[in-house]
Amino acid sequence: MSEICRLYKSIYEITDQVPYGKVISYGQIARMVGCGARQVGYAMAALKSGSHPDIPWQRVINSQGKVSVHGDGIGNAMQLELLKEEGVQFDSEGRVSDSSAWWVAKP
DNA sequence: GCAGTGACTAGTA
DNA sequence: ATACTAGCCACTG
């Protein structure tokens with residue numbers, strides 16, 4: 001059994017701290033943990049149902065404010081739907097409203 | 001230990 | 001606005 005590095009733990013910690021109806025970008029988390037953005041995405045991919053069901057991985061999106069495509073795009077659709085259920089407003093392009101960003105306060 | 005891969009980002013053309 | 005490139009760091013073979 002491979003124990004997850006504390007780096008992943010930090011990533012999960014931040015992701016778990018994202019409030020309901022809010023989202024955060026991979027890059028932002030990467031800066032917080034002090035690692036590359038890819039590692040954040042990798043940590044999310046490592047999340048499995050049953051291991052860390054309490055982690056709102058669906059609230060993690062890319063810097064474009066959109067959901068990234070994984071594998072066949074299955075998880076992608078689920079993620080989008082989950083966010084909609086949480087009350088996150090999406091644009092016609094599938095982009096999240098700037099007000100839905102957690103970290104932030106973007107000009 | 002090296003090479004390839006990956007749910008990314010930022011910069012340049 | 002889009003397309004391509006380079007950088008990023010961890011995991012797998």
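Here we summarise the structure given alongside this text. (Residues numbered from 1 in each chain as written. Chains lettered and ligands numbered in written order. Predicted model: local features only at pLDDT ≥ 70, side-chain atom pairs only at ≥ 80, totals over all residues. Heavy atoms only, no water.)

Points about the protein's contact with DNA strand C
Rules: Whether a residue is near a molecule or strand is decided by its heavy atoms; if any one of them lies within 4 Å of it, the residue is near. Polar contacts, as counted here, are pairs of nitrogen or oxygen atoms within 3.5 Å of one another; within protein the pair requires one atom able to donate a hydrogen and one able to accept it, and residues that are adjacent in sequence qualify only if both atoms are side-chain atoms. What counts as a helix is a DSSP run of H or I of at least four residues, what counts as a strand is a run of E of at least two, and both are numbered from the N terminus. Any residue outside Ala, Val, Leu, Ile, Met, Phe, Trp, Tyr, Cys, Pro, Asp, Glu, Lys and Arg is labelled polar, Gly included; the first ten of those are nonpolar and the last four are charged.
Around DNA strand C, a shell composed of C5, L7, Y8, G36, R38, Q39 and Y42 is seen. Take the atoms of DNA strand C that sit within 4 Å of the protein: sugar and phosphate atoms are 70% of them. Within the side chain of R38, an N or O atom sits 3.2 Å from a base oxygen of DNA strand C. Among the elements of the structure, α1 (6-16) and α3 (37-46) are those that each provide at least two residues to the surface near DNA strand C. The element contributing the most residues to the surface near DNA strand C is α3, with three residues. A class-by-class count of the residues in the surface near DNA strand C yields four nonpolar, two polar and one charged.

Brief notes about the nonpolar core
The line we're drawing: Note on terminology: a nonpolar core comprises buried Ala, Val, Leu, Ile, Met, Phe, Trp, Tyr and Cys residues joined through side-chain atoms within 4.5 Å. Between buried and exposed lies partly exposed: a residue is buried under 20% and exposed over 50% of the maximum accessible area for its type, with that area taken using a 1.4 Å probe on protein chains only.
With 16 residues, the main nonpolar core has I11, Y12, I24, I29, V40, M44 and V60 as its most contacted residues. Going through the elements one at a time, α1, α2 (26-33) and α3 are the ones with two or more residues in this core. V23, I61, V67 and F90 belong to the second largest nonpolar core, which has seven residues in total.

Section: the environment of R31
Of note, R31 is situated in helix α2. In this structure, the C-alpha to C-alpha distance between R31 and E85, residues 54 residues apart in sequence, is 28 Å.

Topic: the protein's contact with DNA strand B
Around DNA strand B there are 15 residues in total, and Y26, R38, Q39, W57 and S63 lie nearest to it. Here the atoms of DNA strand B within 4 Å of the protein split so that 43% fall in sugar or phosphate, with bases taking the remainder. Q39 is positioned with one of its side-chain polar atoms (N or O) 2.6 Å from a base nitrogen of DNA strand B. S68 has a polar side-chain atom sitting 3.2 Å from a phosphate oxygen of DNA strand B.

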